[in-house]
Amino acid sequence: MKSSGLRELDVMVGKVRDASREAAQWSGDFKKKLLLDVSRRILSQKKYLLRENEKEVHRARAAGLAPAMVDRLALNEKRLIAMAEGVRMVAGLKDPVGHILAAWTRPNGLRLKKVAVPLGVIFIIYESRPNVTVECASLCLKSSNAVILRGGREAMSSNRAFVKIFHASLRKFGAPVSAVNLVRTVDYAAVDHLLAQEGKIDLVIPRGGEKLIRRVVERSRIPVVKHYQGICHVYIDRKADLAKAVPITLNAKLQRPGVCNAMETLLLHRVIAEKFLRKAGPLLREGNCEIRGDAATCRILPYAVRAKASDYGHEFLDRVLAVKVVENLGEALDHIERYGSRHTDAIVTEDRRVADVFKARVDSSSVMVNASTRFSDGFEYGFGAEIGISTDKVHARGPMGLEGLTSYKYIVEGKGQIRT
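Residues numbered from 1 in each chain as written. Predicted model: local features only at pLDDT ≥ 70, side-chain atom pairs only at ≥ 80, totals over all residues. Heavy atoms only, no water.

Colleague: When you look at the pairing of strand 4 (residues 146-150) in this model, what are you seeing that I'm missing?
Modeller: Summarising burial for strand 4: five of the five residues are buried, a large majority. Every second residue of strand 4 is oriented toward a common face, with Ala146, Ile148 and Arg150 on one face and Val147 and Leu149 on the other, all of them buried. Pairing of strand 3 (residues 121-126) with strand 4 involves five bridges; the strand directions are parallel. Looking at the pairing, isoleucine 124 lines up with leucine 149 of strand 4. The handedness of the strand 3 to strand 4 crossover, carried by helix 6 (residues 131-142), is right-handed. When strand 4 meets strand 5 (residues 180-182), the two strands line up parallel, connected through three bridges. In the strand pairing of strand 5, valine 147 is matched with valine 180. The β-α-β motif built from strand 4, the intervening helix 7 (residues 156-172) and the parallel element strand 5 has right-handed crossover chirality. (Buried < 20%, exposed > 50% of the residue type's maximum accessible area, 1.4 Å probe, protein only. Helix = DSSP H or I, 4+ residues; strand = E, 2+ residues; numbered from the N terminus. Pairing = 2+ DSSP bridges. Right-handed = clockwise from strand over helix to strand, strands pointing away.)

Colleague: I keep staring at the nonpolar core and nothing clicks. Help me out?
Modeller: Across soluble globular proteins, nonpolar side chains have a tendency to be buried as a group. Core analysis: the biggest nonpolar cluster contains 67 residues, and Ile124, Ile148 and Leu149 have the highest contact counts within it. Apart from the residues within four sequence positions on either side, isoleucine 124 is in contact with Cys136, Cys140, Val147, Ile148, Leu149, Arg150, Ile205 and Ile387. Core analysis: the second largest hydrophobic core is formed by 32 residues, Ile236, Leu254, Ile272 and Ala304 among them. (Core = buried A, V, L, I, M, F, W, Y, C linked by side-chain atoms within 4.5 Å. Contact = heavy atoms within 4.5 Å.)

Colleague: Can you walk me through helix 9 (residues 210-219) in this structure?
Modeller: In an α-helix, one full turn covers 3.6 residues, which means residues spaced three or four apart are oriented alike. Here helix 9 has its buried residues at Leu212, Ile213 and Val216. The buried residues of helix 9 occupy an angular sector of 95° when projected down its axis, which confines them to one face. The exposed set on the far side of helix 9, more than 90 degrees from its buried face, consists of Lys211 and Glu218. (Arc of directions from axis to C-beta.)

See below:
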């Protein structure tokens with residue numbers, strides 16, 4: 001990347017930093033009105049947004065992008081309406097900034113408050129999905145942060161269109177458009193340059209494949225919130241209600257197989273394995289899902305492919321499912337501990353004691369009981385949208401909403417006290 005391009009990035013970062021200081025002073029009412037305006041604009045400009053996205057989908061298919069990845073890129077009217085609804089929901093959430101987390105008075109009369117504050121400038125790097133542009137920009141504005149967005153080249157037209165909408169709303173309310181910025185070059189040198197802006201950018205959130213995330217973590221001088229993979233398991237216990245277990249399995253795998261909260265491995269207690277697979281196997285096959293199973297699975301389903309060792313612990317992001325029959329809960333827990341990614345894991349059982357053991361032993365950011373892994377999502381958790389999913393244990397964990405975009409500071413008020 002030429003030095004002139006790097007200088008332009010530096011100028012942009014400076015403007016975003018200035019915008020973040022102004023955003024820190026926005027009132028909750030101001031942010032609500034701003035985001036409601038964004039939501040209305042998304043709905044009023046549906047034709048324009050779909051037209052821009054259709055060009056990208058056509059190019060992606062012509063380039064041979066996998067169907068699951070095309071699905072991540074594609075928009076339709078239903079998805080646009082859901083995006084606008086997500087912005088409306090974020091607008092209506094309680095303002096996280098200025099919230100007093102704790103307050104107390106010391107024996108010397110000093111009064112202390114622990115107050116929630118915005119982080120400042122957030123740098124988000126992501127692939128394919130243009131809805132991420134809207135979700136992340138909305139959450140950052142609601143939490144009084146400024147944001148730098150760097151989407152994938154395949155969604156550049158859609159991302160530009162959505163950022164134009166945010167800029168129009170920011171101008172309408174007299175706010176700096178630099179509060180929402182899009183990196184308009186696909187040169188990865190720009191990302192590397194921004195990852196070195198320690199002290200100017202406060203947090204980096206990469207959203208995408210493991211290769212992208214590891215590259216960001218290795219090169220960043222700024223704190224990174226991330227998850228590497230979504231290797232999600234569903235364990236069907238011996239006391240599972242198959243009327244629940246079958247639809248949960250189908251939903252977790254097939255509803256959107258190309259996303260990080262889709263199931264990648266199905267674990268079956270040996271007592272119910274045959275009965276379950278006789279019901280679920282044909283339905284998975286009808287959904288064009290390839291089953292890669294162990295010896296027990298292949299004996300029950302003649303169309304299953306014998307799994308390799310590498311199929312367990314693999315994130316397919318496609319209509320491929322690894323299946324293993326286990327002796328008991330302990331073996332299922334050991335498998336999840338060995339192969340899981342600490343993202344989302346689920347159990348289907350009517351035995352409350354077994355469910356309690358599973359909840360306590362599985363060290364994942366989300367643990368489901370009798371529910372699909374697909375619910376591991378900020379919108380489904382009532383956050384309005386999510387800025388990302390973290391499998392870390394420091395600062396934020398699981399689907400990150402508004403609270404994950406705030407820190408805190410201590411306000412100390414006295415009457416002339418001095419320390420002796």
